[in-house]
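Here is how the chains run, residue by residue.
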Amino acid sequence: MGNIFDILGPVMVGPSSSHTAGAARIGLISRQLFGRQPEKARVYLHGSFAATGKGHGTDKALIGGLLGMKPDDMRIPYSFDVAKEEGMDFTIESKDIKEAHPNTAQVFMEAEGVPPMWVQAYSIGGGRIRVCKLDGIDVNFSGESNTLIIRNVDEPGRVKDVSVALSDAEINIATMQLFRDKKGGVAVMVVETDDVVPQDAIDGLAKKRGIIRVKFLSAN
């Protein structure tokens, strides 16, 4: 069954659902994955994002998302000024990203006391996006569902730990995807759940052996 937003489009600050609303969503989901507002951000725009992004406000929408603005936030056209007021330094450049979707952005984020992170995502229209890389590891998720993203050491037992923790919290797993950079390296679990994962379950997972980082994206 199709989504109503495929027909009507999202509630947003225009002009484009793909280049403006989608860009804001990329910025916002990058911030959520990072866990806080970055102090420094480097944004690279590829393809159509680079060619027509300035006219569509793609640059301002991405920065607005990094500041926590949703696609319908009326401050998006003024996001550069808001970033300056809040002390977030940023740069935006064009970049040719090999084999990337035309509406792709890479976002590199830094803040004191937090490991740096970079996210690559693309807009597919209607304000919808896909995250395709997380710190260089291939992934594939939208963030439209309740989504648990776990980075861990690629070793036996980590998937079991996550499954048991969610079962103990009475959380049903809708889908689970597994990604890694190499055997024995760093892996990423993307787990979509039927319900919101309680914070105590998230905190418990973060303390388990071999778990590097845990983030939860709520669909609400």
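Up top is the structure these notes are about.
Since this is a predicted model, take the numbers as computed values, not measurements.

Draft legend 1. Inspection of the overall build of the chain at higher detail. Within the chain one finds 7 helices and 10 strands. Here the chain has a C-alpha radius of gyration of 17 Å; the compact-globule value for 220 residues is 17 Å, and the two agree. If you line up the chain on its principal axes, its C-alpha atoms span 50 × 40 × 35 Å. Buried residues in the chain amount to 47% of all 220 residues. When contacts within the chain are restricted to residue pairs at least 6 apart in sequence, those whose partners lie at least 24 apart make up 65%. Taking the 26 positively charged and 28 negatively charged side chains of the chain as two groups, their mean positions are separated by 4 Å.

Draft legend 2. Region of the structure containing the pairing of strand 10 (residues 211-217). Of all the 7 residues making up strand 10, 5 are buried; the element is thus mostly covered by neighbouring parts of the structure. Relative to strand 10, strand 7 (residues 146-153) runs antiparallel, the two sharing 6 bridges. Looking at strand 10, one finds that Leu148 is bridged to Phe216.

Draft legend 3. Spotlight on the sheet that holds strand 4 (residues 114-125). A sheet is described by the order of its strands in space; here 6 strands give the open sequence 2-1-3-4-5-6, paired in mixed fashion. Edge positions in the sheet fall to strand 2 (89-94) and strand 6 (137-141), since each of these pairs with one other strand and no more. Across the sheet, the mean angle separating the axes of adjacent strands is 20° when strand polarity is ignored.

Draft legend 4. A look at the nonpolar core. Ranked by internal contacts, the top residues of the largest apolar core, which has 38 residues, are Ile26, Leu33, Leu62, Leu66 and Phe141. Ranked by residue count, the leading element in this core is helix 2 (residues 17-34), at 6 residues. In contact with Ile26, other than residues within four places in its own chain, are Phe49, Leu62, Ala105, Val107, Ala121, Tyr122, Ser123 and Ile129. Counting 15 residues, the second largest nonpolar core, distinct from the first, contains Leu148, Ile150, Ile171 and Ile202.

Basis of the calculations
- Residues numbered from 1 in each chain as written.
- Predicted model: local features only at pLDDT ≥ 70, side-chain atom pairs only at ≥ 80, totals over all residues.
- Heavy atoms only, no water.
- Helix = DSSP H or I, 4+ residues; strand = E, 2+ residues; numbered from the N terminus.
- Rg over C-alpha atoms; globule rule 2.2 N^0.38 Å.
- Buried < 20%, exposed > 50% of the residue type's maximum accessible area, 1.4 Å probe, protein only.
- Contact = heavy atoms within 4.5 Å.
- Lys, Arg positive; Asp, Glu negative; His and termini not counted.
- Charge placed at Lys NZ, Arg CZ, Asp CG, Glu CD.
- Pairing = 2+ DSSP bridges.
- Axes fitted to C-alpha atoms, helices over the stretch in contact; angles between N-to-C directions.
- Core = buried A, V, L, I, M, F, W, Y, C linked by side-chain atoms within 4.5 Å.

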